[in-house]
Amino acid sequence: LEAKRDGKGRARRLLDGDAVLRRHADIRRRLGAALDRGGLELHFQPKLHLGTQEVVSVEALVRWTDAELGVVSPGEFIPVAEQSGQIAALGRWVLTAACAQARRWQDEGVAWSIAINVSPVQLASPRLASDVLDAISQHGLAPWRLQVEVTETATMVNVAAATEQLSALRSAGVQVHLDDFGTGYSSLSMLRRLPLSALKIDQGLVARIDTDPASALLLAGVIGAAHAMGITVVAEGVERHEQMEHLRTLGCDYVQGYLIARPASARDLHPQPTSITDLSRR
Ligand code: C2E
Ligand code: MG
Ligand code: MG
Ligand code: MG
């Protein structure tokens, strides 16, 4: 580290820092315009049930193509929006857009639920549960039509407050999924504390299952523990057949990833209407 701290290295680092700041300022400015005037879109990625081979739920992933900046990935603009405070408005936009699409599918007899990603900033708000439940009732949705995905790190900021919000959602019939499990400080004790319906195994862990025996063992343990607590298991980032077959052997319930389907706009998805008898079994 010391060796790199010469005049040149420092100058380059300042320049890099400068470019990053400018990029963030551009994102804030253009995202503000997109939130006011449009430019955001939701894409949806199916989750496949390994037993029935059926899709019953899709994850909403926000997409943004800006006239000046081009395509900006959520991995880049979500952290900027969290820093700037724009995540509140973005979260409201996502909630409304997801409810509107869920309502269209409900009207068409398509039995798909939509999972939205909720940022740590939203989860920290005491209004999260009431905002979500208000949106559901304003759109005339059955509560199972909407699900929320939260990350473990977000729940750990204030476990008691997060648990209160998530419990309110759960008891109203909205499923709560723990996202990115297997990154950060994942602990099995969180599975017991939080009112979870499902946990999503992070793609980093999924990527290693068929090459690293230790990861496969870890996953087997996590799936066993989740099932013992009545929690469903979804694996994300499934890209290869071997991974899917391995997950099936381990007892994983759902798979999601490029192998099954890439995220796509609602008009590019072709959901089949489900019969009323199927719906009532849900
Ligand atoms: P996430 O919720 O864990 O979403 C999974 C990410 O993995 C998505 O990236 C998805 O497109 C990508 N993915 C899906 N299948 C595969 C695969 O087989 N291989 C690989 N390599 N990747 C796959 P995306 O859409 O770029 O989103 C990145 C992250 O940004 C999300 O991670 C989520 O944390 C956040 N995000 C996306 N949309 C929203 C949103 O509407 N609100 C909030 N708060 N965050 C969002
Ligand atoms: Mg997610
Ligand atoms: Mg994830
Ligand atoms: Mg992720």
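Residues numbered from 1 in each chain as written. Chains lettered and ligands numbered in written order. Predicted model: local features only at pLDDT ≥ 70, side-chain atom pairs only at ≥ 80, totals over all residues. Heavy atoms only, no water.

Under the annotation held in an unreviewed UniProt entry, the protein carries the name GGDEF-domain containing protein and is attributed to Cellulomonas aerilata.

Is there a simple way to explain the overall build of the protein in this structure?
When helices and strands are counted, the protein shows 12 helices and nine strands. Taken against the 2.2 N^0.38 rule, which gives 19 Å for 282 residues, the C-alpha radius of gyration of the protein at 20 Å falls within 12% of a compact globule. Oriented by its inertia axes, the alpha-carbon framework of the protein measures out at about 70 × 50 × 40 Å. Sequence separation of at least 24 residues holds for 69% of the intrachain contacts in the protein that already meet a minimum separation of 6. (Helix = DSSP H or I, 4+ residues; strand = E, 2+ residues; numbered from the N terminus. Rg over C-alpha atoms; globule rule 2.2 N^0.38 Å. Contact = heavy atoms within 4.5 Å.)

Just to check I follow, could you spell out the packing of aromatic side chains for this structure?
Each aromatic ring pair is characterised by the separation of its centres together with the angle its planes make. Enumeration according to the criterion identifies three aromatic pairs in this entry. Measuring from centroid to centroid gives 5.4 Å for phenylalanine 44 and tryptophan 105, while their planes differ by 65°, and the two rings are edge-to-face. Here tryptophan 105 lies in helix α3 (residues 87–108) and phenylalanine 44 lies in strand β1 (residues 40–49), a separation of 61 residues in the sequence. Of the two residues examined, phenylalanine 44 and tryptophan 105, each falls in the buried class. Taken together, a centroid distance of 5.2 Å and an interplanar angle of 75° make the contact between tryptophan 105 and tryptophan 112 edge-to-face. Across the pair, tryptophan 112 and tryptophan 105 agree in class, each one buried. The structure contains a cluster of three or more aromatic residues connected by ring pairs, namely Phe44, Trp105 and Trp112. Residue placement shows arginine 262 over the ring face of tyrosine 258; its charged tip is 3.9 Å from the ring centre. (Phe/Tyr/Trp six-rings, centres within 6.5 Å; stacked < 30°, edge-to-face > 60°. Buried < 20%, exposed > 50% of the residue type's maximum accessible area, 1.4 Å probe, protein only. Lys NZ or Arg CZ within 6 Å of the ring centre and 35° of its normal.)

For this particular structure, what's the right way to read the nonpolar core?
Considering soluble globular proteins, one finds that nonpolar side chains tend to be buried as a cluster. Counting 73 residues, the largest nonpolar core has Trp64, Ile114, Ile116, Leu169, Leu199 and Leu247 as the members making the most contacts within it. Looking at this core element by element, the count peaks at nine residues for α3. Beyond its immediate chain neighbours, meaning those up to four positions away, isoleucine 114 contacts Phe44, Val58, Ala60, Ala98, Gln101, Ala102, Trp105, Arg145, Leu146 and Gln147. (Core = buried A, V, L, I, M, F, W, Y, C linked by side-chain atoms within 4.5 Å.)

Explain the site of ligand 1 to me, please; I cannot follow it from the model alone.
Around ligand 1 there are 20 residues in total, and Arg63, Asn117, Asp179, Glu239 and Tyr258 lie nearest to it. Measuring from an oxygen atom of ligand 1, one finds a side-chain N or O atom of aspartate 179 at 2.9 Å. Glutamine 203 is positioned such that a nitrogen or oxygen atom in its side chain is 3.1 Å from an oxygen atom of ligand 1. Compared with its free state, where it exposes 800 Å², ligand 1 has 81% of that area covered by protein. At the level of secondary structure, the elements contributing two or more residues to the shell around ligand 1 comprise β2 (55–66), α2 (74–84) and β6 (175–181). (Near = heavy atom within 4 Å. Polar contact = N/O pair within 3.5 Å; in protein donor to acceptor, adjacent residues only side chain to side chain. Areas by Shrake-Rupley, 256 points an atom, 1.4 Å probe, with all protein chains shown as cover.)

What is the right way to read the pattern of salt bridges from this model?
Here the structure, examined in full by the defined rule, presents 15 salt bridges. The salt bridge involving arginine 127 is made with aspartate 131; its shortest N-O contact spans 3.6 Å. The residue arginine 248 makes a salt bridge to glutamate 245 at a minimum N-O spacing of 3.0 Å. You can see arginine 248 and its partner glutamate 245 sitting in helix α11 (residues 241–249), three residues apart, about one turn around the helix. Residue classification places glutamate 245 among the partly exposed positions, given a relative accessible area of 33%. (Salt bridge = Lys/Arg side-chain N within 4 Å of Asp/Glu carboxyl O.)

What should I look at first to understand the coordination of the magnesium ion (ligand 2) in this one?
Taken together, the protein donors to the magnesium ion (ligand 2) comprise Glu59 (OE), Asn117 (OD1), Glu149 (OE) and Asp179 (OD), at separations of 2.0 to 2.2 Å. When the donor residues of the magnesium ion (ligand 2) are listed from N- to C-terminus, their spacing reads E-x57-N-x31-E-x29-D. Metal-to-metal, the separation of the magnesium ion (ligand 2) and the magnesium ion (ligand 3) is 4.0 Å; aspartate 179 coordinates the two. A residue pair is termed long-range when its members are at least 10 positions apart, and glutamate 59 in strand β2 and glutamate 149 in strand β5 (residues 146–151) qualify at 90 residues. For the pair glutamate 59 and glutamate 149, a shared accessibility class is recorded, and that class is buried. (Donors = N, O, S within 2.8 Å, 3.2 Å for Na, K, Ca; no water.)

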